[in-house]
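# Examination of the molecular architecture
In case you want the letters, here they are:
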Amino acid sequence: MTTSPTTAVGFEEFGASLEAAKESAGAAPKYQVEITKESKATILCNIESGVKDLISSLAKKEKIGGVDIEVEKYEHLPNSQTGVVMYFIAKGLKTEFDIGFSTEPVSIARRGQAGAYDKKVEGKKRLLTRDQKNEIIEKMQMSYYEKDLAAGKITIEDAMDSIKETFNTKKGFEEMGYMLPPAKTAYPFWETEEGAEDAKS
């Protein structure tokens, strides 16, 4: 049996190769898809319950059933199911096709993560437009999903899951004092000790 000759690699060469690989992994994608935070759309998927349970565990930072991985390993992931899915979609697009987005999708950012969002909170700036606020309110109602339910595009379980996640989103805003009034003509506002305060632009 013959063996192929091997070439010894020095520590310096190995280190240089490792650094090059790191730079490649962190490099900006070759292609960028233009997205804006103001433009929103809804997509609901029928998936196996095991897939949903896995995504939910990753988002809630809970132990994954039948998987021996410590929670600390995925504490960096977004803390919503939508965020977890988008995180791996973005990662897969970058790895497979070198495609990225012009700005990081909002759902990927962890709630409570320091950055521009926190600065808006500290300065009582506007976090949502009126249309975005209205969409959140509408997605908490079963009537929002009736057309897709009738067409068989989603199940009752899908609709209920979306309603629950949207309710938690609204609750998260209101727990920080950012109120989402149900009236369509009303703008979201910051609640202060003195009363309602319009969000500053």
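Residues numbered from 1 in each chain as written. Predicted model: local features only at pLDDT ≥ 70, side-chain atom pairs only at ≥ 80, totals over all residues. Heavy atoms only, no water.

### What to know about the overall build of the protein chain
- Across its full length, the protein chain holds 7 helices and 5 strands.
- If you list the helices and strands of the protein chain from N to C, you get α-β-α-α-β-α-α-α-α-β-β-β.
- The buried share of the protein chain, taken over its 201 residues, is 23%.
- When contacts within the protein chain are restricted to residue pairs at least 6 apart in sequence, those whose partners lie at least 24 apart make up 58%.
- Per element, the accessible surface of the protein chain, about 14400 Å² overall, is 55% carbon and sulfur. (Helix = DSSP H or I, 4+ residues; strand = E, 2+ residues; numbered from the N terminus. Buried < 20%, exposed > 50% of the residue type's maximum accessible area, 1.4 Å probe, protein only. Contact = heavy atoms within 4.5 Å. Areas by Shrake-Rupley, 256 points an atom, 1.4 Å probe, with all protein chains shown as cover.)

### Thoughts on the packing of aromatic side chains
- Inspection of the entire model under this criterion finds 4 aromatic pairs.
- Here the aromatic rings of Tyr144 and Tyr145 are separated by 5.0 Å at their centres, their planes lie at 75°, and the arrangement is edge-to-face.
- An angle of 55° between the planes, with centres 5.9 Å apart, marks the rings of Phe173 and Tyr178 as tilted.
- Looking at Phe173, the relative accessible area reads 10%, which means it is buried. (Phe/Tyr/Trp six-rings, centres within 6.5 Å; stacked < 30°, edge-to-face > 60°.)

### Some words on unusual backbone geometry
- Here the phi dihedral of Lys61 falls at roughly 60°; this positive angle occurs in a residue that is not glycine.
- By secondary structure assignment, the location of Lys61 is in the loop between helix 2 (49-60) and helix 3 (81-97).
- The phi dihedral of Asp98 falls on the positive side, at around 60°, and the residue is not glycine.
- Looking at where Asp98 falls in the secondary structure, it is placed in the loop between helix 3 and strand 2 (99-101).
- Residue Asp98 is classed as partly exposed on the basis of its relative accessible area, which comes to 27%.

### Points about the environment of Arg130
- Along the chain, Arg130 falls in helix 5 (residues 130-138).
- Its relative accessible area of 29% is what places Arg130 among the partly exposed residues.
- With 54 residues separating them along the chain, Arg130 and Lys184 place their C-alpha atoms 7.8 Å apart.
- Once residues within four sequence positions are removed from consideration, Arg130 is found in contact with Lys184, Thr185, Ala186, Tyr187 and Pro188.

### Considerations on the packing of helix 2 against helix 3
- Between helix 2 and helix 3, the least distance of the axes is 8 Å, while the angle of their chain directions is 100°. In terms of axis orientation, helix 2 runs roughly perpendicular to helix 3. Contact residues: helix 2 offers Lys52, Ile55, Ser56, Leu58 and Ala59, while helix 3 offers Gln81, Val84, Val85 and Phe88. (Axes fitted to C-alpha atoms, helices over the stretch in contact; angles between N-to-C directions. Parallel < 35°, antiparallel > 145°, perpendicular 65-115°, else oblique.)

### A short note on a negative patch on the surface
- Taken together, the side chains of Asp68, Glu70, Glu72 and Glu75 define an acidic patch exposed on the protein surface.
- On the secondary structure map, Glu72 appears in the loop between helix 2 and helix 3. (Patch = residues over 30% accessible without salt bridge, like charges linked within 9 Å, V, L, I, M, F, W, Y side chains within 5 Å. Salt bridge = Lys/Arg side-chain N within 4 Å of Asp/Glu carboxyl O. Lys, Arg positive; Asp, Glu negative; His and termini not counted. Charge placed at Lys NZ, Arg CZ, Asp CG, Glu CD.)

### Let's talk about helix 3
- With 17 residues, helix 3 ought to run about 24 Å at 1.5 Å a step, and its terminal C-alpha atoms sit 24 Å apart, in line with that.
- The complete set of buried residues in helix 3 reads Gly83, Val84 and Ala90. Across the axial projection of helix 3, the buried residues extend over an arc of 130°, all falling on one side. Residues Glu96 and Phe97 are exposed on helix 3 and point more than 90 degrees away from its buried face. (Expected span 1.5 Å × (residues − 1). Arc of directions from axis to C-beta.)

Geometric values such as these leave the question of function open.
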